[in-house]
Amino acid sequence: MKAIIRREILNYLKGPLFWIAAVFVVFGVYQQLAPYLNIHYIASEEELKYDGPEAVPEADIFEGYVPSREENRREFWEKIIQETLLAEFGMDEDEASAVIREMNGMEIKEASQYLKEQYSFYNAYYAWEDAAYHKGTKDEINSYIRGELEEHPFSWYFSRKFADFSGLFMGFAATVLLAVLFMQDVRKNTYELLHTKPVGAAQYVLGKVTGGFLVCLILLGILNLVFWAACLVCTRGNGFEIRLTDFLFVTGVYILPNMLMIVCVYMLTALLFKNPLPAVPVLILYIIYSNMGSRNEEGVYGYAWRPMAIMVRFPGPFFQITPAPGALVNQTCLLLAAGAVILIGIQLWRRRRI
């Protein structure tokens, strides 16, 4: 088994495909993570000359926006309502101001219902969502960053964004890389010859799966070191805590089970059809399924847990990232399913040998 593992790893490392995939993944992940590497404490108000509306439904700290507090959000909401009354309902300044005064003391849902009933203003509550974030001042931004970093180190947040995009790019990279894992072995003469060798079914299947998995692990190791070092360099001077263990944890929990399942899909396909290529479209559809979002009861679009997904996303602003509910359960189920597929593969190889 060790010889099989060693051969697979050396074959990949000696060939160009692995290194092309490494460049592709590092560059793609960097493109997505670069804005987060620019997060820093603001030294002067001159740094905050961002173009964009004063309030938006969602934005991130590197864009100069912070979550609106209740009182500020109400102020922005009223401003949006007043501007809409002027622009779309034909009111003048006095009439629009009178409507705003009428809603003093009302909760947002009550005020939105009032606008709907009295003025046929149907989108008032959506305006409240539009005021979720506002352009921060120097003090607001620094206070927000400081408060969030008291809860977790900078690398805790960054590593989860790293897991988000690394999992996405690694899913496609592994689909390409592992397509050749069984290619040589399933050729007619080689396939028949392998069954005459004194290599047990478990040794062969585990050797191939482990070899493919370790190739993905090496690529992920490169990614971890590159972006851990990037964090250290780019946040130098800010006093941010950067821990390599944060990167290793999210890689082990949220990415490696996915890689193992992709290897297992290729293994099972190769043994069933004597050809690994039918797994390619299956895996692409599997990735799309895993990456699909949905809308909740309030109509807000986001990523949701999908059973047996091979991708875990961390949507949302940098300091408010959370994995989809059920992600840890899903990763555990993936490991169990991968183990079951390996056992099936061993039985298939043994039957073909007989």
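Going by the structure above, here's the rest.
(A) Quick peek at the overall build of the protein chain. Regarding its fold elements, the protein chain presents 14 helices and five strands. Taken along the three principal axes of its C-alpha coordinates, the protein chain extends 90 × 50 × 30 Å. In the protein chain, which comprises 354 residues, the proportion classed as buried is 47%. Within the protein chain, contacts between residues separated by at least 24 positions form 75% of all contacts whose residues are at least 6 apart in sequence. Total accessible area on the protein chain stands at roughly 18000 Å², and carbon and sulfur atoms take up 59% of it. Averaging the locations of the 31 positively and 37 negatively charged side chains of the protein chain gives two centres separated by 25 Å.

(B) The sheet that holds strand β1 (residues 55-56), seen in detail. Strand order in the open sheet formed by three strands is β1-β3-β2, and the pairing between neighbours is antiparallel. The sheet terminates laterally at β1 and β2 (65-67), the two strands that pair on one side only. Taken together, the two bridges between β1 and strand β3 (residues 133-135) define a ladder with antiparallel strand orientation. From the neighbouring strand, V56 faces β3, where its bridge partner is Y133. Packing against the sheet, helix α7 (residues 138-151) makes contact with β2 and β3, and its axis sits at approximately 60° to β2.

(C) The arrangement of the pattern of salt bridges in detail. One pass over the full model with this rule turns up eight salt bridges. Between R7 and E8 there is a salt bridge, with its nearest N and O atoms 2.7 Å apart. Classification of R7 as partly exposed rests on a relative accessible area of 37%. Note that R73 and E129 form a salt bridge whose closest N and O atoms lie 3.9 Å from each other. One end of the pair, R73, is in helix α3 (residues 70-88); the other, E129, is in helix α6 (residues 124-130), with 56 residues separating them in the sequence. Take R73: its relative accessible area is 16%, and that puts it in the buried class. Given a relative accessible area of 31%, E129 falls into the partly exposed group. Sharing partners across several salt bridges, the network here consists of R7, E8 and K208.

(D) Representation of the packing of aromatic side chains within the structure. A full pass over the atoms with the stated rule returns 20 aromatic pairs. For the pair F162 and F247, a centre-to-centre distance of 5.4 Å together with 70° between the ring planes defines the contact as edge-to-face. One end of the pair, F162, is in helix α8 (residues 154-177); the other, F247, is in helix α11 (residues 244-254), and 85 residues separate them in sequence. Of the two residues examined, F162 and F247, each falls in the buried class.

(E) Region of the structure containing the packing of α8 against helix α12 (residues 256-273). The N-to-C vectors of α8 and α12 enclose an angle of 25°; their axes lie 10 Å apart at closest approach. Taken together, the axes of α8 and α12 lie roughly parallel to each other. Crossing hand, α8 versus α12: right-handed. Only M259, I262 and Y266 of α12 make contact with α8, whose side of the interface consists of M170, G171, A174 and T175. Its residues assigned to classes, the contact of α8 with α12 shows five nonpolar, two polar and no charged.

(F) Molecular detail of the nonpolar core. Counting residues in hydrophobic clusters, the biggest one holds 88 residues, and the most contacted among them are F154, F158, L178, V205 and M259. Counting 17 residues, the second largest nonpolar core, distinct from the first, contains W77, M91, I100 and M103.

(G) Broad picture of a negative patch on the surface. A contiguous patch of negative charge, built from E45, E46, E47 and D139, is present on the exposed surface. Here E46 lies in the loop between α2 (16-37) and β1. On the accessibility criterion, E46 (55% relative accessible area) is exposed.

(H) Structural detail: a nonpolar patch on the surface. Where nonpolar side chains cluster on the molecular surface, the patch consists of I284, L285, I288 and M292 and spans about 360 Å² of accessible area. Within the fold, I288 resides in helix α13 (residues 279-291).

(I) Broad picture of the environment of Y119. Among the secondary structure elements, Y119 is positioned in helix α5 (residues 108-119). The residues contacting Y119, other than those within four sequence positions of it, are F89, M91, V99, E102 and Y114. Among the polar contacts made by the side chain of Y119, one reaches the side chain of E102 at a distance of 3.2 Å.

The rules we used
- Residues numbered from 1 in each chain as written.
- Predicted model: local features only at pLDDT ≥ 70, side-chain atom pairs only at ≥ 80, totals over all residues.
- Heavy atoms only, no water.
- Helix = DSSP H or I, 4+ residues; strand = E, 2+ residues; numbered from the N terminus.
- Buried < 20%, exposed > 50% of the residue type's maximum accessible area, 1.4 Å probe, protein only.
- Contact = heavy atoms within 4.5 Å.
- Areas by Shrake-Rupley, 256 points an atom, 1.4 Å probe, with all protein chains shown as cover.
- Lys, Arg positive; Asp, Glu negative; His and termini not counted.
- Charge placed at Lys NZ, Arg CZ, Asp CG, Glu CD.
- Pairing = 2+ DSSP bridges.
- Axes fitted to C-alpha atoms, helices over the stretch in contact; angles between N-to-C directions.
- Salt bridge = Lys/Arg side-chain N within 4 Å of Asp/Glu carboxyl O.
- Phe/Tyr/Trp six-rings, centres within 6.5 Å; stacked < 30°, edge-to-face > 60°.
- Parallel < 35°, antiparallel > 145°, perpendicular 65-115°, else oblique.
- Left-handed = near helix turned anticlockwise from the far one by under 90°.
- Nonpolar A, V, L, I, M, F, W, Y, C, P; charged D, E, K, R; others polar.
- Core = buried A, V, L, I, M, F, W, Y, C linked by side-chain atoms within 4.5 Å.
- Patch = residues over 30% accessible without salt bridge, like charges linked within 9 Å, V, L, I, M, F, W, Y side chains within 5 Å.
- Polar contact = N/O pair within 3.5 Å; in protein donor to acceptor, adjacent residues only side chain to side chain.

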